[in-house]
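Structural characterization, general
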Amino acid sequence: MIGLISATAAGAAARDRLAAAWPDRTRVYGGPVADAVRAAFAECEQLVCFLATGAVVRLVAPLLDDKRTDPGVVCVDEGGRFAVSLVGGHGGGANELARAVGDVLDAEPVVTTATDAAGLPGLDTLGLPVEGDVAGVSRALLDGEPVALRAEVAWPLPPLPLAEEGAYTVRLTDRLVEPAGREAVLRPPSLVVGVGASKGAPVDEVLGLVEAALRDAGLSAASVAALATVDAKAGEPGIVGAAGRLGVPLLTYPADELAGVEVPNPSDAPLAAVGTPSVAEAAALAGGGELLVPKRKSERADGSPAMATCAVVRRPGRGRLAVVGLGPGARDLLTPRALAELRRASVLVGLDQYVDQIRDLLRPGTRILESGLGAEEERARTAVAEARRGQAVALIGSGDAGVYAMASPALAEASDDIDVVGVPGVTAALAAGAVLGAPLGHDHVSISLSDLHTPWEVIERRVRAAAESDLVVTFYNPRSRGRDWQLPKALAILAEHREPATPVGVVRNASRADESARLTTLAALDPASVDMMTVVTVGNTATREIAGRMVTPRGYRWQEASR
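Residues numbered from 1 in each chain as written. Predicted model: local features only at pLDDT ≥ 70, side-chain atom pairs only at ≥ 80, totals over all residues. Heavy atoms only, no water.

**Some words on the pairing of strand 22 (residues 444-448)**
The two faces of a sheet get side chains in turn, since along a regular strand they alternate between them. With five bridges connecting them, strand 22 and strand 23 (residues 472-476) associate as parallel partners. Each bridged residue has a counterpart across the sheet, and for S446 the counterpart in strand 23 is T474. The β-α-β motif built from strand 22, the intervening helix 17 (residues 456-468) and the parallel element strand 23 has right-handed crossover chirality. (Pairing = 2+ DSSP bridges. Helix = DSSP H or I, 4+ residues; strand = E, 2+ residues; numbered from the N terminus. Right-handed = clockwise from strand over helix to strand, strands pointing away.)

Structure below.
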């Protein structure tokens, strides 16, 4: 919950705008300001104070305890011009909150955290437990000193300017190690602990067994991603309680699925009890991985039979491939989600001219793999291969990556051993349509006239079907130096079914600085005026030119009424 505190009428007006925008996330605190701040600080994860920063500093200073647990605090000035991240920039999420508040109130976010200001992800913002000399390593990164990455576990990380050697080190490990001097240790969630338990097994026995198994194997409890067991034990209090104390989810699997998992130590006892010859080992291995600790039983002080078993598996980090659409070219048509993926990726793969468009948005340390025209399949293979190496990869394309772009060849290469995320973008057809007016107001189709990958006979059949179906048609890749006859042929097919006066929109470099657009007709369009940077949109029998704009009505009743 976000607590909102104000002292003046102007502050209250801005406060109420934020409360209206986030009704389920915010709570307004009234009364004396000092009392409101104290109450919100104790009850909320974050605060937005519509007060001077000096006043807020004096009010929250006595309340501060630990930056890892204190709420994040953002100040908004009386004029609503700035949203200042004051306290808890990383741990309390104040930096992101300042940006979000700025978006709602049209205020400038002010973030002074050093790593954010330099475009670097803070080591404490990676979503992984971190310990050791975090401040020293972060300072070295900021100062441009060489910081070495010592990765003992493959795990996708955001871009960091790390080297093979350096006086400072970032160590990525699930081992139970003490950080050395000038070393920050990141703990990836790479361990899954399979657990079995008899009915009524005490939570202390289950938890003690898990902790002892990890400790004896030299593994860190901070890297435990989940406990796992059979469905029949999903409600067993000892197992549920152990997961709760460790702060991890409990994964459960059907007995017949676990029975199909090959394990080194099957047993008749669980087979008779729950229908699978293994619970702990099979549950740990159900998602794949390397068995680090075979089945182990708890030990009871009174010598009575053990009531719990466990096994530990290391699951490799899954690489991540984000297929990102950059939009038609204008920076303000690059979506926030696309920007977030660009800044998250440690490896960027793309066409050189598209890389140039967004190079300034990448974080320091991003590895760029660029190539020229005609290498689409090679880029797709490269991106998938990097993701399979455990990297966080962004594969970029113009417009929407799924429309005549990189999503199709990439997903044809990708299997289920990596995570794939699609990030939509504004397509050329939509950008051109917005320039022309509303040509896509009814059913429409996009057709590429490039026969490099599709036989012309297939393209022609599709153009003819669109013509006969009275669909608005947007032509991509309409004409190039080596392909100058396809567009005239396609227009001739459409002309067999549409009047010569049918509106046609021609837009070149939609949304870019040198954008040009014109409205003509099917009979008057000169194909020689079109190139590969152009989108051609041909209306249907209902499309009209109205006030210089190309409009296709949503329904045909308008068409009937206009006759």
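Here the narrative resumes, following the displayed structure.
**Quick notes on the nonpolar core**
Generally speaking, soluble globular proteins have nonpolar side chains that are buried together. Counting 23 residues, the largest nonpolar core has V193, V195, V206, L214, L227 and V312 as the members making the most contacts within it. Of all the secondary structure elements, the ones that give two or more residues to this core are strand 11 (191-197), helix 7 (203-216), strand 12 (224-230), helix 8 (237-246) and strand 15 (308-314). Looking at which element gives the most residues to this core, the answer is helix 7, with six residues. Once you skip the residues sitting within four places of it in the chain, V312 turns out to touch L191, V192, V193, L214, L219, E290, L291, L292 and V293. Formed by 21 residues, the second largest nonpolar core is a distinct cluster that contains I447, V463, A466 and V536. (Core = buried A, V, L, I, M, F, W, Y, C linked by side-chain atoms within 4.5 Å. Buried < 20%, exposed > 50% of the residue type's maximum accessible area, 1.4 Å probe, protein only. Contact = heavy atoms within 4.5 Å.)

**Here we look at the sheet that holds strand 7 (residues 130-132)**
With mixed pairing, the four strands of this open sheet are ordered in space as 7-10-9-8. Two strands bound the open sheet, and with one partner strand each, they are strand 7 and strand 8 (147-151). Sheet twist, expressed as the mean angle between neighbouring strand axes with direction ignored, is 20°. Against the sheet, helix 6 (residues 134-142) touches strand 7, strand 8, strand 9 (168-172) and strand 10 (183-186), its axis set at about 115° to strand 9. (Axes fitted to C-alpha atoms, helices over the stretch in contact; angles between N-to-C directions.)

**Comments concerning helix 12 (residues 336-344)**
Buried residues of helix 12: A338, E341 and L342, and no others. Down the axis, helix 12 shows its buried residues gathered within 100° of arc, on one side only. For helix 12, the exposed residues set more than 90 degrees away from the buried face come down to P336 and R337. Lining the buried residues of helix 12 we find strand 16 (320-325), strand 17 (347-351), helix 13 (352-358), strand 19 (392-397) and strand 20 (419-423). (Arc of directions from axis to C-beta.)

**Some words on the side chain of D400**
Its place among the elements puts D400 in the loop between strand 19 and helix 15 (407-413). An unpaired buried charge is present at D400: no salt bridge exists, and R337, the closest side chain of opposite charge, is 9.5 Å distant. A distance of 2.7 Å separates a polar side-chain atom of D400 from the backbone nitrogen of G402. Leaving out residues up to four positions away in the same chain, D400 has contacts with G325, A405, P424, G425, V426 and T427. (Lys, Arg positive; Asp, Glu negative; His and termini not counted. Salt bridge = Lys/Arg side-chain N within 4 Å of Asp/Glu carboxyl O. Polar contact = N/O pair within 3.5 Å; in protein donor to acceptor, adjacent residues only side chain to side chain.)

**Here we look at the pattern of salt bridges**
With the rule as written, the count across this model stands at 26 salt bridges. When the shortest N-O distance is used, the salt bridge between E183 and R171 registers 4.0 Å. Taken as a pair, E183 in strand 10 and R171 in strand 9 lie far apart in primary sequence, twelve residues in all. Classification of R171 by relative accessible area gives buried; the value is 11%. Between D417 and R388 there is a salt bridge; the shortest N-O distance is 3.1 Å. Linking D417 in the loop between helix 15 and strand 20 with R388 in helix 14 (residues 376-388), this pair joins segments that are 29 residues apart in sequence. Look at R388 and you get partly exposed, because its relative accessible area is 41%.

**Topic: the packing of helix 17 against helix 18 (residues 486-495)**
The geometry of a pair of packed helices is captured by two quantities: the angle between their axes and the separation between those axes. The geometry of helix 17 relative to helix 18 is characterised by a closest axis approach of 9 Å and an angle of 30° between their N-to-C directions. As the angle between them shows, helix 17 and helix 18 are arranged roughly parallel. Two packed elements cross with a definite hand, and for helix 17 against helix 18 that hand is right-handed. Of the residues in helix 18, those in contact with W456, E460, V463, R464 and A467 of helix 17 are Q486, K489, A490, I493 and L494. Looking at the contact of helix 17 with helix 18 residue by residue, the class counts come to six nonpolar, one polar and three charged. (Parallel < 35°, antiparallel > 145°, perpendicular 65-115°, else oblique. Left-handed = near helix turned anticlockwise from the far one by under 90°. Nonpolar A, V, L, I, M, F, W, Y, C, P; charged D, E, K, R; others polar.)

**Observations regarding the pairing of strand 15**
Of all seven residues in strand 15, seven are buried, a share of seventy percent or more. Here strand 15 shows a buried face lined by A308, C310, V312 and R314 and a second buried face lined by T309, A311 and V313. In this sheet, strand 15 lies alongside strand 11 in antiparallel orientation, the contact comprising seven bridges. Each residue of the ladder has a partner; that of V192, found in strand 15, is V313. Bridging between strand 14 (residues 290-297) and strand 15 involves five bridges; their strand directions are antiparallel. By the bridge assignment, K297 is partnered in strand 15 with T309.

**Some points on the packing of helix 1 (residues 9-21) against helix 4 (residues 94-105)**
Where helix 1 meets helix 4, the closest approach of the two axes is 10 Å, and the angle between their N-to-C directions is 100°. Taken together, helix 1 and helix 4 sit at an angle that is classed as roughly perpendicular. Contacts between helix 1 and helix 4 involve A14, R17, L18 and A21 on the former and, on the latter, V101, V104 and L105. When the residues that make up the contact of helix 1 with helix 4 are grouped by side-chain class, the tally is six nonpolar, no polar and one charged.

Bear in mind that shape data such as this cannot, by itself, settle questions of function.
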